[in-house]
Amino acid sequence: MSTRPTLTLPAAALAAALTLTSCADATGDDDGAFTYGLLYPQTGSLAFLGPSQIAAVEYAISEINDAGGILGTEVPPPIEADEAGDNAQANEAANTLVNNNVNAVIGAAASAMTQATYDTITGSEIVQCSGTNTSPDLTDIDDGGYYFRTAPSDLLAGPVLARQIVDDGNESVALIARADDYGTGYLQAVENELNALGAEVALSETYDPDSTNFGAVITGAIEVEADAIALISFQEGTQLMAALLESNIPGEDFYLTDGLNDPGLAETVSADRPGLIDGTTGVAPSADNSNFNEGLREFAPDLEVFQFAPQVFDCVTVIALAAESASSSLPADYVSHLPEVSRPDGTECFSFAECRDLLAEGQSIDYQGASGDIDFDDNGDPTSATFEIFHFGPNGYEILDYVDYSAEQNTDQG
């Protein structure tokens, strides 16, 4: 006969309450302040993007707090974790954020790091939103509907880069990309558009980004003698670019992507001869939003790299609006409201305060982000985006133009 005491009704009620509390703790706390986790590259090949990530998150939180916080409670500083460009470390960092009971995770920055962490985060039913992920492979991940991104897929960016190359009068192109989710997806999108435009793809080559010897791909690019070289890479691409420039391929032949959109690139490629990259052009997700840029510059006056800052800012803000719409900070409650607050059947609004007030009046809203009109599709992807055409010349780094591109244009080309 068991000597275990029978659970009385008050004790049973207490146990049920403890169980509910435990479930709530696993997916954020609905009683206290809304807490963001930030999974970003403090170290690793994308560390140069780190300052813009943290600045954008802190700026968005400051705007939210100036308007009274989320659900009337001030938002604390984000809990930070380093993705480090390493799968194991990124997943350990993701576990740290989950164990801290964050209400949402912003990041990771690299698409590959999101591939390594989304199961940990979204599997815990925590919303994950990246302002920098561009890999097409992230569209169909098994995320339970908890993963979103405000950065456009490379299926949108690739055609913009290809058109810029052709518009500049190049008829043959050598494509070189890192062999990962980012590189291979971007390469395919550029190659498809070049073929559609009638340009010759003289070389389509991927490389191991962890290799210490890029000799074969460098030789291949030199031998095809293409009019242009498109380099789809992160920081390791500076080694490839330096070697190709030293082989007398001029800077004006190079086209880059967001992974090398760094105002300090000239000095990184060649500290002794920074003018080597003069003429180099690139394409990166951006925002033609001077008000945002001025506000962020005032908030973080020492910030030099603004890349993806509008998209990261929008992740923070649209999540806050979804929580307001759901009247709950629990991800399971507000996740379904993320698409609703960003779609065009609502009233357009441009800030957390303005949009929050419209929600309080019972109106549906269409948040117009710092990066543009997000309009999440059913996979949590934005359906349109703005890209900047960046350039390196005698006067240094500059932005030549902004280009809008939408999923409808991409479909038409397909």
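See the structure shown above.
An account of the accompanying structure is given in this report. (Residues numbered from 1 in each chain as written. Predicted model: local features only at pLDDT ≥ 70, side-chain atom pairs only at ≥ 80, totals over all residues. Heavy atoms only, no water.)

With that settled, consider the state of the cysteines. For the structure shown, the criterion picks out 2 disulfides. The partner cysteine of Cys349 in its disulfide is Cys355, sulfur to sulfur 2.1 Å. Its S-S torsion of about 110° marks the bond between Cys349 and Cys355 as right-handed, since a negative value means left-handed. Residue classification places Cys349 among the buried positions, given a relative accessible area of 0%. (Disulfide = S-S within 2.5 Å. Buried < 20%, exposed > 50% of the residue type's maximum accessible area, 1.4 Å probe, protein only.)

By the definition in use, this model includes 1 cavity of 30 Å³ or more. Size it by volume and the largest cavity reaches roughly 80 Å³. Contributing to the lining of the largest cavity are 13 residues, with Leu46, Ala109, Thr132, Phe234 and Asp258 lying nearest its centre. Grouping the amino acids of the lining of the largest cavity by side-chain chemistry returns 7 nonpolar, 5 polar and 1 charged. (1 Å grid on protein atoms, 1.4 Å probe; cavity = no way out; pocket = protein on both sides within 12 Å on 5 of 7 lines; lining within 4 Å. Points joined across faces, edges and corners; volume = space filled by probe spheres on them. Nonpolar A, V, L, I, M, F, W, Y, C, P; charged D, E, K, R; others polar.)

Orientation of helix 7 (residues 215-224) relative to helix 8 (residues 237-246), taken along the N-to-C sense of each, is 40°, at an axis distance of 10 Å. By the angle between their directions, the pair helix 7 and helix 8 is classed as oblique. Between helix 7 and helix 8 the crossing geometry is right-handed. Contacts from Val217, Ile218, Ala221 and Ile222 in helix 7 reach Leu240, Ala243 and Leu244 in helix 8. Class assignment for the residues of the contact of helix 7 with helix 8 results in 7 nonpolar, no polar and no charged. (Axes fitted to C-alpha atoms, helices over the stretch in contact; angles between N-to-C directions. Helix = DSSP H or I, 4+ residues; strand = E, 2+ residues; numbered from the N terminus. Parallel < 35°, antiparallel > 145°, perpendicular 65-115°, else oblique. Left-handed = near helix turned anticlockwise from the far one by under 90°. Contact = heavy atoms within 4.5 Å.)

With that settled, the discussion passes to the nonpolar core. Formed by 52 residues in total, the largest nonpolar core has its most connected members in Tyr36, Ile106, Ile319 and Tyr334. Elements that contribute at least two residues to this core include exactly strand 1 (36-40), helix 2 (50-66), strand 3 (104-107), strand 4 (127-130), helix 10 (290-299), helix 11 (309-326), helix 14 (352-360) and strand 12 (365-369). Examining the composition of this core, we find that 12 residues originate from one element, helix 11, more than from any other. Excluding its chain neighbours within four sequence positions, the residues that come into contact with Ile319 are Phe34, Tyr36, Ala104, Ile106, Val127, Cys129, Tyr334 and Leu338. (Core = buried A, V, L, I, M, F, W, Y, C linked by side-chain atoms within 4.5 Å.)

Attention now moves to the packing of aromatic side chains. Tallied over the entire structure, the rule returns 13 aromatic pairs. Taking the centre distance of 5.1 Å and the plane angle of 65° together, the rings of Phe148 and Phe376 count as edge-to-face. Taken together, the positions of Phe148 in strand 5 (residues 147-149) and Phe376 in the loop between strand 13 (372-373) and strand 14 (384-393) put the pair 228 residues apart, joining distant regions of the chain. One aromatic cluster in this structure is built from Tyr59, Phe292, Phe299 and Phe313. (Phe/Tyr/Trp six-rings, centres within 6.5 Å; stacked < 30°, edge-to-face > 60°.)

Moving on, we come to unusual backbone geometry. Of note, the bond from Gly107 into Ala108 is cis; its omega dihedral lies within 30 degrees of zero at 0°. Within the secondary structure layout, Ala108 lies in the loop between strand 3 and helix 4 (111-122). With a phi close to 50°, Glu225 is a non-glycine residue in the positive phi region. Relative to the helices and strands, Glu225 resides in the loop between helix 7 and strand 8 (228-232). The residue Ser327 is not glycine, and still its phi comes out positive at about 55°. Within the element layout of this structure, Ser327 appears in the loop between helix 11 and helix 12 (331-334).

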